[in-house]
Protein chains: 2
Amino acid sequence: MLSTELSEAEVSALMANKERLAKDLHHSCRWGYGVRWGDGSTDTGMQRLSLSHEDKQVRDWFIETTRVLKCNVTVDEMGNIFAVRPGRRKDVPPTFIGSHLDTQPTGGRYDGILGVLSGIETLKVIDEMGLETEGGIGVVNWTNEEGARFPISMISSGVWAECIPLSRAHNLKEVPTVASLPTASSAPETMKSALEKIKYLGTVPCSYKETPMAAHFELHIEQGPHLISAGQRVGVVTAVQAYRWFRLNIFGRDTHTGTTSFEHRADALYAFARMMVCAREVAAAKGCLSSVGIVEAKPGSVNTVPGLVSFTLDIRGPETEMVASVEAELRKEFDVIAAEEGKGIGKPCRVEWTLDFDSPAVKFHESCINCVRQSAEAVVAGAGVSEPKSLVRTIMSGAGHDSVFTSKRVPTSMIFVPCRDGLSHHPEEYCSADDCATGTSVILQAVIRYDRKRFVSA
Amino acid sequence: MLSTELSEAEVSALMANKERLAKDLHHSCRWGYGVRWGDGSTDTGMQRLSLSHEDKQVRDWFIETTRVLKCNVTVDEMGNIFAVRPGRRKDVPPTFIGSHLDTQPTGGRYDGILGVLSGIETLKVIDEMGLETEGGIGVVNWTNEEGARFPISMISSGVWAECIPLSRAHNLKEVPTVASLPTASSAPETMKSALEKIKYLGTVPCSYKETPMAAHFELHIEQGPHLISAGQRVGVVTAVQAYRWFRLNIFGRDTHTGTTSFEHRADALYAFARMMVCAREVAAAKGCLSSVGIVEAKPGSVNTVPGLVSFTLDIRGPETEMVASVEAELRKEFDVIAAEEGKGIGKPCRVEWTLDFDSPAVKFHESCINCVRQSAEAVVAGAGVSEPKSLVRTIMSGAGHDSVFTSKRVPTSMIFVPCRDGLSHHPEEYCSADDCATGTSVILQAVIRYDRKRFVSA
C-alpha cells in the first residue's frame, strides 16, 4: 500500500510496537553501559563517548539493522550515518528521523538513543505493513551531538548545515572527561583521527547539499520537569532557547597558602568562586540559566594558591537578546571581581573570555509542527482520559539538539516525552517503555503525514 | 683547630662565601628548571617533583659533593640522605642542617634548595678552615617535603620522627599536578615504587633512633612579606603556626545545564563556590587563613551540572585552637550550604570531610633559638647601620617545614631570610645572593655555637 492511499483514520492508527522498541533500545545499550543504579538488567547509565570503541560497536549494529530493513546506508566525512529506505519516487529527498547514539560520560539510556531507535522502530512498522512511501524515509545518527568528548556539541549536524567548517571539526581535539583522559603520553586525539581509528571517516562530503532532506524530525526526552510534573504525555516542540558557551581564564598569582595573607593574594580560584555565585544571581534575575560544567585550577597543589583557573560558562535563555544581556552584565561583574582580588599587591586578577559556541533561539517549521501536533493528538486519543488533548503540551526546548542545525536548512521539528524527575545527563535518566512507545508512535505518524502532505498537496 | 677552641670573636667572624654559594645553588638548579620569567641565565622557576628523574640527578650531585667534603653518606628507607662530616667525638650524634631539594610543580629556586645548599656551604667553610668540630656536622635532604607529588608534605621527616607509619608513606600514591598526570594507562605510582625506580630506596630504617641528631637547624626563605617590607635581614623563627589539611567531597546530582532550573539543581560546583567564599570570611574573622589548592568537578562536561566535586582545604592559624575553631564553624556553614542546594528536589547536596594532615602549632627549642639569635646579631653587626639588631626579627613560620617533625624529637629551630614580594611557590620566587649568604652565615655560626655549647657546658 502507498502512504498517500491511507485514510486519515489508518494513519492515526499507526502505532509503534512497545515491546520491540524497548528490546531494541536496551539491546543497543549493551555497548557502553555505565554506572549501575538499580537491580534490573537495564538499570544502568551509559558511558558511550563519541567515536569510542563502544560507539563503533553500536554504529556497526545500526548499519546492520537498517540494511536488513532495506535501507541504503551512507557515511559522510563526519561519520554521520544516513540509512534511507527508498520511496516510490527516486528523485526527491527523503524525510528523516534523526538523533544521536553518543552519550555523556555519565549519561543515560534515552538522551539521543531513543531518537535513533524511534527511527528504527518506524522503519520496522513500515516494513512489516509493507507500506510504500512517496519519498524515502531515512534515519540519521549524528556524530558527537553531546560535545562531551569533542567540545562542540551538535558539531556534525553543524558541518552538514554548513554552519561549522569541516576543517575546524576535523581538527577539534578531545578534552578530558571522567571517562577519557588524554595525556602527554597519549596525546589528545582529533575528531578526524578518531574517525579514522574506528573506520567511520566516510567519503561522502558532509553537507545538506550532498545529503539533502525533505524534513528532519527528532524525538527526545524532555530533560526537564514540565511534562512529568503536569502528568502530560507529549510535548510539541516549537522552539529552542538561545545559548552561548564560553571558556574563561582567570590569571592570578601562585603563592604559598601558609604565608600569604588574604590581602596579599591574587587567588584565581577565589575569584572563580565569587564569579560563579554572581553568575547565578545575574542569570536568575534575568530569567536565564548559567552553569559551570568544567573547572581546572593550576598548578594543583594543596598548599599553593592557584594562579590560573579556567572554566566553562553556559548561558541560556528563551531569547537570544536575553542571553546577550546576561553575558554583558557578567562581563562587567567579572571584571570587578577580578580587579578586587590582588589589588593589595597591585597585581589584580585578570579574566579573559572566549566564545566557543553561539546558538541563537530557534523557531521550528510550522508545517512540521502541525504534523507533530496532529499525530500527538491522534496517539493520545485512545488514552482513556476525558480530554486527551490536555495530555499534549506546546513546549520550548531548553537544550540544543541536532534539530537546531537541520532547522537552518530544512523544515524541522521535535517531539518530547517525559522523563523521570526531568533528570538527564545522569545514569538514572529514565523514560518508561510506554512513553518511549507513545513518542515513537507520534514520530511514525508525523513522517507519514509529512510524506503525504508533500505529494497530495503537490 | 677545634671548634671549642675558637674565641667568641672568631665564631662571630665565620662567614659564608657568597659567590660560591650562589654558584652552587644555581648549579643544582640545572636539574628540573621550570618556567622562565626573565632574561638572566638563572631567571627561571623550578619544576623538580619529588622522586622524579630530575630529583634523582640532584640527589646524585648532593652525594658526590658531600663525599668530596669528607662526609659519610647514608640513605634511609624514605630516601632521606644524611651526609655527615665526622667530628672529634665518635660516640655522639651530629648536629644537622636540613631541608629539601624537591619543589612545587611551579616552584622557585630557593624554597628548600637554599636550606640544603646552606648546609653544603657550611661544610665547605669548615673544610677550607680545617676546622674540627666536637660532634659531627651533618646535612640532610628530606624526601617529598612539598607534598606536591605525594600528597602529604614533610612525610619523610614525619616517618623519621615516627609520627607517620612507614607503610602509610610507602603506599602513598602520587596525585596529578600540572607537571605530572598519572592515568589509567600509566597508573599512579606509590612512593615506594618511585623510590625503587630512581634507586633511592635505602636500607637504613627511617627513624630518629637509627639516625639520631643532636639538633636540627633549617634556613628558609620567609615566603611572606614581613622581613622584606620591614627592610629586615634575618628572622629568628621561634614557632610554626598550626594547620590542618582536609579533602572534602560534595555530592550533588548530574543534570542537564539547559533544561534544569536553578530550583531543580543539586549543583555540587555551585555549593563549592559558596563554600570557598564562606571559608575566607570565616577564617579572616578569626585571624586565620583558609585556601583551596585543588578542585575537581565531575563528570566534567560543558553542558552537565557537576554532581561531584572534591577539593582540598588548608586552614592555618597561630594557635592550634584557632584552627580548630575555624574548622568547627566551617563544618556547620558547609552543611547549611549543602542543604540549601538541591532542597527544591528533595535531594540536597551532601558534604564529607576527610582530615589528611594535622600539624599543631610548634614552639622551637630555646637553646637552638639562642644560638640562632646570637649568630644573627653577629652576622648583621657589620651591616653598617646604627642599630644592627633592628635587622633581626623574631618571627613565626606560616608554613610547615621538616623542622616541625624534627622538633618533636630533637632540639630544633629555623632561620628566615627575605624573599622578593614575599612570593613563594611560584617561578619568580627570589632571594638575593646577599640574603642567601647572610642566612648561610647565620646557620654556619649557629651550628658551631651549638657544637661548642654541647661540650663546653658538659
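Residues numbered from 1 in each chain as written. Chains lettered and ligands numbered in written order. Predicted model: local features only at pLDDT ≥ 70, side-chain atom pairs only at ≥ 80, totals over all residues. Heavy atoms only, no water.

1. A closer look at the overall build of chain A
Defined as follows: Helix numbers and strand numbers start at the N terminus; a helix is a DSSP run of H or I with at least 4 residues, a strand a run of E with at least 2. The globule rule is 2.2 Å times the number of residues to the power 0.38, and the radius of gyration it is compared with is taken over C-alpha atoms. Partly exposed describes any residue whose relative accessible area lies between the buried limit of under 20% and the exposed limit of over 50%, with all areas from a 1.4 Å probe on protein chains only and scaled to the type maximum. The contact criterion used throughout is that any non-hydrogen atoms of two residues lie within 4.5 Å. To measure how exposed things are, a 1.4 Å probe is used in the Shrake-Rupley method; for residues, cover is taken only from the protein chains shown.
The helix and strand tally for chain A stands at 13 helices and 18 strands. Against the 2.2 N^0.38 benchmark of 23 Å for 458 residues, chain A shows a C-alpha radius of gyration of 24 Å, consistent with a compact globule. With respect to the principal axes defined by its C-alpha atoms, chain A has extents near 80 × 50 × 45 Å. Per-residue burial over chain A gives 62% buried out of 458 residues. When contacts within chain A are restricted to residue pairs at least 6 apart in sequence, those whose partners lie at least 24 apart make up 77%. Of the accessible surface of chain A, which amounts to about 15,700 Å², a share of 51% is contributed by carbon and sulfur atoms.

2. Considerations on the interface of chain A and chain B
Bring the parts together and some accessible area is lost; that lost area is often taken as the interface size. Definition in use: Each of two parts loses accessible area, computed with a 1.4 Å probe, when they are put together; buried area is these two losses added. In what follows, salt bridge is the name for a side-chain nitrogen of Lys or Arg lying within 4 Å of a carboxyl oxygen of Asp or Glu. Think of a polar contact as two N or O atoms within 3.5 Å of one another; within protein, one of them needs to be a possible hydrogen donor and the other a possible acceptor, and neighboring residues in sequence only count if both atoms come from side chains.
Taken together, the contacts link 70 residues of chain A with 70 residues of chain B. Of all residues in chain A, Phe-262, Arg-280 and Val-302 of chain A give up the largest surface area on contact with chain B, accounting jointly for 14% of the area buried on that side. Viewed at the interface, chain B and chain A are joined by six salt bridges. Between Asp-421 of chain B and Lys-347 of chain A there is a salt bridge whose closest N-O contact spans 3.5 Å. Remark: the boundary between chain A and chain B carries 28 residue pairs in polar contact (both at pLDDT 80 or more). At 10 residues, the largest contribution of residues to the side of chain A that touches chain B is made by helix α9 (residues 268–285) of chain A.

3. Describing helix α4 (residues 113–129) of chain B
Residues and elements named next belong to chain B. Rule in force here: The span one expects for a helix is its residue count, reduced by one, times 1.5 Å.
Counted at 1.5 Å a residue, the expected span for α4 with its 17 residues is 24 Å, and the 24 Å between its end C-alpha atoms agrees. For α4, the buried fraction is high: 14 of the 17 residues fall into the buried class. Directly beyond the C-terminal end of α4, a positive phi value near 65° is found at Gly-130.

4. Some points on the domain arrangement of chain A
Residues and elements named next belong to chain A. For clarity, the threshold we go by: An automatic or database domain assignment is the source of the domain bounds shown.
When the domains of chain A are assigned, the result is domain 1 (3–241 + 361–456) and domain 2 (242–359). On a C-alpha basis, the centres of domain 1 and domain 2 stand 35 Å from each other. Counting from both sides, the interface comprises 15 residues of domain 1 and, opposite them, 11 residues of domain 2. When domain 1 packs against domain 2, the two sides together hide about 1,000 Å² of surface, and 50% of this comes from carbon and sulfur. It is Ser-153, Gln-241 and Ala-361 in domain 1 that bury the most area against domain 2; as a group they hold 47% of the surface buried on that side. Across the contact surface, domain 1 and domain 2 share one salt bridge.

5. Section: the relation of the copies chain A and chain B
Note the threshold: In superposing the copies, a least-squares fit is computed on C-alpha atoms, taking residues whose pLDDT is at least 70 in both.
Aligned on chain B, chain A shows an RMSD of 0.0 Å; the corresponding rotation is 180° and the shift along the axis is 0.0 Å. The superposition operator between the copies reduces to a two-fold rotation axis. Residue Ala-273 of chain A of chain A places its C-alpha closer to the rotation axis than any other residue of that unit, at 2.1 Å. Both copies present the same face, since 100% of the interface residues in chain A are matched by interface residues at the equivalent positions in chain B.

6. With respect to the side chain of Thr-211 of chain A
Within the fold, Thr-211 of chain A resides in the loop between α7 (191–197) and β7 (215–221). Thr-211 of chain A sits in the buried class, given a relative accessible area of 9%.

7. Looking at unusual backbone geometry
All names here are of chain A. Cis geometry is adopted by the peptide bond preceding Pro-299, which originates at Lys-298 and carries an omega value of 10°. Within the element layout of this structure, Pro-299 appears in the loop between β12 (295–298) and β13 (304–305). Even without being a glycine, Asn-144 presents a positive backbone phi close to 55°. Turning to its location among the elements, Asn-144 is positioned in the loop between β6 (137–141) and α5 (155–160). At Asp-421, a residue that is not glycine, the phi angle is positive and equals roughly 60°.

8. Details of the environment of Ser-397 of chain B
All names here are of chain B. Locating Ser-397 in the fold gives a position in strand β17 (residues 392–397). In this structure, the C-alpha to C-alpha distance between Ser-397 and Val-302, residues 95 residues apart in sequence, is 42 Å. In this structure Ser-397 touches Val-237, Ala-239, Val-240, Gln-241 and Phe-416, once residues within four positions along its chain are discounted. In terms of polar contacts, Ser-397 uses its side chain to reach the backbone carbonyl oxygen of Ala-399, at 2.7 Å.

9. Concerning the packing of helix α11 (residues 366–380) of chain B against helix α13 (residues 433–456) of chain B
Residue and element names in this part refer to chain B. This is how it is decided: Note on definitions: angles span 0 to 180 degrees between N-to-C directions of axes, and those axes are lines fitted to C-alpha atoms, for helices only across the stretch in contact. Put simply, angles under 35 degrees are roughly parallel, angles over 145 are roughly antiparallel, angles from 65 to 115 are roughly perpendicular, and the rest are oblique. Left-handed describes a crossing whose near helix is turned anticlockwise from the far helix through less than a right angle; right-handed describes the clockwise counterpart. Residue type decides the class: Asp, Glu, Lys and Arg count as charged, Ala, Val, Leu, Ile, Met, Phe, Trp, Tyr, Cys and Pro as nonpolar, and the leftover types, Gly among them, as polar.
For the pair α11 and α13, interaxial distance at closest approach is 8 Å and the crossing angle is 130°. Comparing their axes, α13 and α11 come out oblique. Between α11 and α13 the crossing geometry is right-handed. Across from Ser-367, Cys-368, Asn-370, Cys-371, Val-372, Gln-374, Ser-375, Ala-376, Ala-378 and Val-379 in α11, the residues of α13 making contact are Thr-438, Ser-441, Val-442, Gln-445, Ala-446, Arg-449, Tyr-450 and Lys-453. A breakdown of the residues in the contact of α11 with α13 according to their chemical character gives nine nonpolar, seven polar and two charged.

10. Observations concerning the packing of helix α4 (residues 113–129) of chain A against helix α13 (residues 433–456) of chain A
For any two helices packed against each other, one specifies the inter-axial angle together with the distance between the axes. Residues and elements named next belong to chain A. Contact geometry of α4 with α13 gives a least axis separation of 9 Å together with a crossing angle of 60°. Comparing their axes, α13 and α4 come out oblique. Judged by the twist between their axes, the crossing of α4 over α13 is right-handed. The segment α4 lies against α13, with Leu-114, Ser-118, Glu-121, Thr-122, Val-125 and Ile-126 engaging Cys-436, Thr-440, Ile-443, Leu-444, Val-447 and Ile-448. Looking at the contact of α4 with α13 residue by residue, the class counts come to eight nonpolar, three polar and one charged.

11. Some thoughts on the side chain of Asp-451 of chain A
Residues and elements named next belong to chain A. The condition is simple: Two residue types count as positive, namely Lys and Arg, and two as negative, namely Asp and Glu; His and chain ends fall outside the count.
Along the chain, the position of Asp-451 falls in helix α13. No salt bridge is formed by the buried Asp-451; its nearest oppositely charged neighbour, Arg-454, is found at 4.4 Å. The contact partners of Asp-451, leaving out residues within four places of it in the chain, are Ser-3, Thr-133, Glu-134 and Gly-135.

12. Some thoughts on the pairing of strand β12 (residues 295–298) of chain B
All names here are of chain B. For clarity, the threshold we go by: DSSP-based pairing: two strands are paired if at least 2 bridges between them are found.
Of the two faces of β12, the one lined by Val-295 and Ala-297 is fully buried and the one lined by Glu-296 and Lys-298 carries no buried residue. Pairing geometry for β12 and strand β14 (residues 308–317), over four bridges, is antiparallel. Across the sheet, the residue bridging to Val-295 is Phe-311, located in β14.

13. Brief notes about the environment of Tyr-110 of chain B
Residues and elements named next belong to chain B. Along the chain, Tyr-110 turns up in the loop between β5 (95–99) and α4. Judged by its relative accessible area of 4%, Tyr-110 is buried. Between the C-alpha atoms of Tyr-110 and Cys-431, which are 321 residues apart in sequence, the distance is 6.9 Å. Excluding anything up to four places from it in sequence, Tyr-110 contacts Leu-25, His-26, Ile-221, Glu-429, Tyr-430, Cys-431 and Cys-436.

14. Observations concerning the pattern of salt bridges
The tally for this structure, following the rule as stated, stands at 58 salt bridges over all chains. Between Arg-247 of chain A and Glu-296 of chain A there is a salt bridge, with its nearest N and O atoms 3.9 Å apart. One end of the pair, Arg-247 of chain A, is in strand β9 (residues 242–251); the other, Glu-296 of chain A, is in strand β12, and 49 residues separate them in sequence. Since its relative accessible area comes to 35%, Glu-296 of chain A is described here as partly exposed. Arg-280 of chain B is the partner of Glu-341 of chain A in a salt bridge, and the nearest nitrogen-oxygen pair spans 2.8 Å. Of this pair, Glu-341 of chain A sits in the loop between α10 (320–340) and β15 (350–359) while Arg-280 of chain B sits in helix α9 (residues 268–285), on two different chains. Here Glu-341 of chain A falls in the buried class, since its relative accessible area comes to 5%. On the basis of relative accessible area, Arg-280 of chain B is assigned to the buried category, the value being 12%.

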